[in-house]
Amino acid sequence: MSEQQKTEKKGFSRRKFLIRTSIGVGGALIIGAVSCNPLRRMIAGFANEAELAYNGETKSPFLWFEIKADNQIVLHSPKVEMGQGVFTGLSQIAADELDVDMEQLKVVHATTASGNIDPRSTGGSDSTSGLWQPLRELAATTREMIKQEAAKKMGVDASQLSTQSGIVSGGGKQMTYGEAMDGVTEPEVPETPALKDPKTYKYVGKPIPRVDLVDKVMGAPIFGMDSSMPGMLYGAVARPPFVDAVFVSADTSAAKKVEGVVQIVEEEDFVGVVATSRMAAEAGKRALKVEWDVKKVWQTSEIEEMVKVGKGKEYVIQKKGGSKRILNDPETTITVEFKSPIGAHAQIEPNGAVVSVEGDKATVMIATQVAKYTRGEVAKRLGIPEENVNIISTYVGGGFGRRLHTPNAIQAAALSKAVGKPVKCFFDRKEEFQNDTFRPPTHHVLKAKLTEDGKIEAIEHNVSSGDVAFGSALVPSIAEPILGADIGAWRGGMIQYGAIPNFRTISWRVKLPFATSFWRSLGLLANTFAIESFIDELAIKAKKNPVDFRLEHIQDDQRGFRLKEVIKAAAEKAGYQDEVVNGRAMGIAASTDASTPCAHVVEVSIEEGEIKIHKITCAIDPGLAVNPDQIKAQCEGNILMGMSAAMFEKMEVKDGALKPTIYGPYRMALMRHAPKEIDVVILENTDKPGPVGEPPMGPIGAAIANAVFRLTGKRLREMPLSLA
Amino acid sequence: MKISFNINGQPQSVEVDEKTPLLWVVRDILDLKGTKFGCGKAACGACTLHVNGEAIRSCSFPVKYAEGKEITTIEGLGTPEKLHPVQQAWMEEVVPQCGYCQPGFMMATAALLEKIPNPTDKDIDDNIVNVCRCATYYRMRKAIHRAAELKQANV
């Protein structure tokens, strides 16, 4: 079956089943029928292995492509560019089917008013993989449409025409795409033609430089915070400095007197200041005396106590054989624990928006990963139809899941409505750290039993975590009773060693008193840290090489094959060895996330009592590599961001407040911590592109900890990793 | 009060509270948006620009200290036709991801190369201490070494 036939086959596929249940589109199932464990496990199994198809509009070329008279083609992308390189990948894909040169093609963010709206989000690493098929079809259809119009103008039969570099030629004549479409108002949309063989593509598969490179190197004003509107004022909103706090009231008398303050806006749920400059708005905010109702003064120790295996609600999400019975005997069962802390997004561009409300219409300029939901929330707050709100998405100065919640747009809209002028309102850094939607802390209990010949007979992973997906606008509340376990929290938490005869994964759900949500790769980093550290321990107990030990426990299906291949590739490229050489040791770990397997080998030493990382070798199999250089960039970024989270980052709750509230005290990896060598090997063991933006995050924490164990004999069981 | 300085080679005067951080004068009054706000406490370096050739974190630099000085922002570092060696190197190594912090890093690097034309890895570690959440440090280091080569080749 050809690539095209496979993806065009319609039917009630696994993929559709997932979308209709876990994401709640349609929702054909009745809660009572699924809220029992076997069905939940089935859904969880699908969710673990599925790739999400793009479910937005893909039948109207006009929503996607604009052909200008000067022969420039504008691609209106419903996916936002937040560093992951999606504009570049989509350009390559479109250019190849459109038969245009990359230089002719410009990508912009589709506004919601344009009608090309992503029904979900930019996130989950599915932008390129999800749009691979529909965007090629759209581009090919557009190309044929242009040919039809050119045929009419040239008086030549369309079948005689060919296309190249944005020019239609045939019958001794030629014209540009721009000329062909000039003055055409209602072109007929042809049938989608057969797509080209990806092997013949000119751009797909090549390390094309990012299309936004010049703008980003010249400092062009492309971000949400660079946005402005004529006559704009500046807003500042008082946000709770405490966990579990609700706005009660504010004494605004002093704030009103601050120079430059135009108006104090008191809403039911917040108070804001509008002023002629950012400085004046901030000064006005500082002069507010706000009363907060703090329901409870929380401490980190109480949060940690809540997030303990056995404390929350229990859901068995993966089960094979009879591990529970086998792991009942404390004499033969190996039991270990791991922990991870609260993590902040810490993206450098703060959240905020520029909003203009005029009558029953609103315009919102914002860096958002969820334009559709931002639109809905603003419309609801203003009491106007969604169609009356236009979301103008900007480039995103760091996403990582932080832009999946945009209450900042609602606040700016309320301020604009109150003062009757456009208002620009952004978080300051302290508010970013205190009002983040955090990566929840986790606690893991793992158990296993080895056979006499050093094989895993049974293994169990218990993960307790705050919510990730639940509570998000992306996941309707109906999903909670259906799924039980939070699909984000257990991401990466299932046992991936299918050759083990008995295993279970148990998810323990805890609702925390502060917002927890999607943080790049969701539960993957912490879950893989726990599982892959444990696998390493078991390999050592079994007196086996950790590479061989992993390979012998992976099943022989396609998913297993691809995982084994990246483990072998990483080990081989790095020259993996168990021995300490010249004070340096290696550690390996691997995981499959959202269908993309990835393995890392990390080389470390201890210098002045600190873990020093010298080299990281990464092998990833994202399938067809649309842009190998950007895949490498995503691997490098994931590795270093994951290393930062694994080694340094930690938020605490102290006397009711989340701390720290500034870079520095919130320790992160800097230039001096980054290894001098990162070697990325790309395998392509499927014929279509798979997810890249998060999977390489998974194995990094465990790979570092495993290397440290070989060097020191000390098993690190808690992130951030510490030798002390 | 009225404060005058040269910015990107052009004389400029602003009427503003003298305590206003230079960052907001540059961004909101002069409409040069390449210099970024990250933290407001000189902790991340996104707002780095040059004052008399020194790399300054402008979010914590009151505008009054800019009086009579030469200020350079990313907009004045190079042009698309004539890139500064740092920008050229950033292009060659395809450094930016989200790109938000990159002007600050490029300005910090440009200032470093004026002081240390051929920085060692340790010089880079000690002097380039901005924060990049996309963690593009690996390519940045390569780009800094490349920029040093390009700059020396141009002299």
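(A) Representation of the interface of chain B and chain A within the structure. Opposite the 43 residues of chain B that make contact, chain A presents 45 residues. Listing elements by their share of the side of chain B that touches chain A, those giving two or more residues are helix 1 (22-29), helix 2 (74-77), helix 3 (85-92), helix 4 (102-115), helix 5 (121-127) and helix 6 (137-154) of chain B. Examining the composition of the side of chain B that touches chain A, we find that five residues originate from one element, helix 6 of chain B, more than from any other. A breakdown of the residues in the side of chain B that touches chain A according to their chemical character gives 25 nonpolar, nine polar and nine charged.

(B) Focus on the sheet that holds strand 2 (residues 10-15) of chain B. Residue and element names in this part refer to chain B. Taken in spatial order, the five strands make up an open sheet running 2-1-5-3-4, and their pairing is mixed. Strands at the two margins of the open sheet, each flanked by one partner only, are strand 2 and strand 4 (54-57). Sheet twist, expressed as the average angle between the axes of neighbouring strands with direction ignored, equals 40 degrees. Taken together, the two bridges between strand 1 (residues 2-7) and strand 5 (residues 70-72) define a ladder with parallel strand orientation. Its bridge partner being in strand 5, Ile7 is matched across the sheet by Ile71. Contacting strand 3 (48-51) and strand 4, helix 4 crosses the sheet at an angle of about 35 degrees to strand 3.

(C) Spotlight on the environment of B:Arg27. For B:Arg27, the position within the fold is in helix 1. For B:Arg27 and B:Met106, which are 79 residues apart along the polypeptide, the C-alpha to C-alpha distance reads 18 Å.

(D) Layout of the confidence of the model for chain B. Per-residue pLDDT for chain B averages 97, and the proportion of residues at 70 or more is 99%. With a pTM of 0.95, the predicted complex shows an ipTM of 0.98.

(E) Layout of the nonpolar core. Core analysis: the biggest nonpolar cluster contains 269 residues, and A:Val364, A:Ala413, A:Ala570 and A:Ile704 have the highest contact counts within it. Not counting chain neighbours up to four residues away, the residues in contact with A:Val364 comprise A:Ala353, A:Val355, A:Thr374, A:Val378, A:Val389, A:Asn390, A:Ile391, A:Ile392, A:Ala409 and A:Ala413.

(F) Main features of the packing of helix 4 of chain B against helix 6 of chain B. All names here are of chain B. Where helix 4 contacts helix 6, the axes come no closer than 11 Å and their chain directions differ by 45 degrees. The orientation of helix 4 with respect to helix 6, classified from their angle, is oblique. Of the two possible hands of crossing, helix 4 and helix 6 adopt the one that is right-handed. The segment helix 4 lies against helix 6, with Phe105, Thr109 and Leu113 engaging Met140, Ile144, Ala147, Ala148 and Lys151. Grouping the amino acids of the contact of helix 4 with helix 6 by side-chain chemistry returns six nonpolar, one polar and one charged.

Conventions and cut-offs
The numbering scheme is per chain: residues are counted from 1 as the chain's sequence reads. Following the order in which they are written, the chains are lettered starting with A and the ligands numbered starting with 1. Local features in a predicted model are, by the rule used here, given only for residues with pLDDT of at least 70; side-chain atom pairs are given and counted only at 80 or more, and totals for whole chains, interfaces and linings are based on all residues. Once C-beta atoms have been placed from the backbone, residue pairs whose C-beta atoms lie within 7 Å are recorded as contacts. Secondary structure elements are defined from DSSP: runs of H or I of at least 4 residues count as helices, runs of E of at least 2 residues count as strands, and each element is numbered from the N terminus. Put simply, Ala, Val, Leu, Ile, Met, Phe, Trp, Tyr, Cys and Pro go in the nonpolar bin, Asp, Glu, Lys and Arg in the charged bin, and everything else, Gly too, in the polar bin. Between any two strands, pairing holds if DSSP finds at least two bridges. Only the contacting stretch of a helix is used when fitting its axis, a line to C-alpha atoms as for every element, and angles between N-to-C directions run 0 to 180 degrees. pLDDT gives the predictor's per-residue confidence on a scale running from 0 to 100. What we call a nonpolar core is a set of buried Ala, Val, Leu, Ile, Met, Phe, Trp, Tyr and Cys residues whose membership is set by joining through C-beta atoms within 7 Å. With C-beta atoms placed from the backbone, the exposure class of a residue follows from how many other C-beta atoms lie within 10 Å of its own: 20 or more, buried; 12 or fewer, exposed; in between, partly exposed. If an angle is under 35 degrees, it is roughly parallel; if it is over 145, roughly antiparallel; if it lies from 65 to 115, roughly perpendicular; otherwise it is oblique. When the near helix sits turned anticlockwise from the far one by under a right angle, the crossing is termed left-handed; a clockwise turn instead gives a right-handed crossing.

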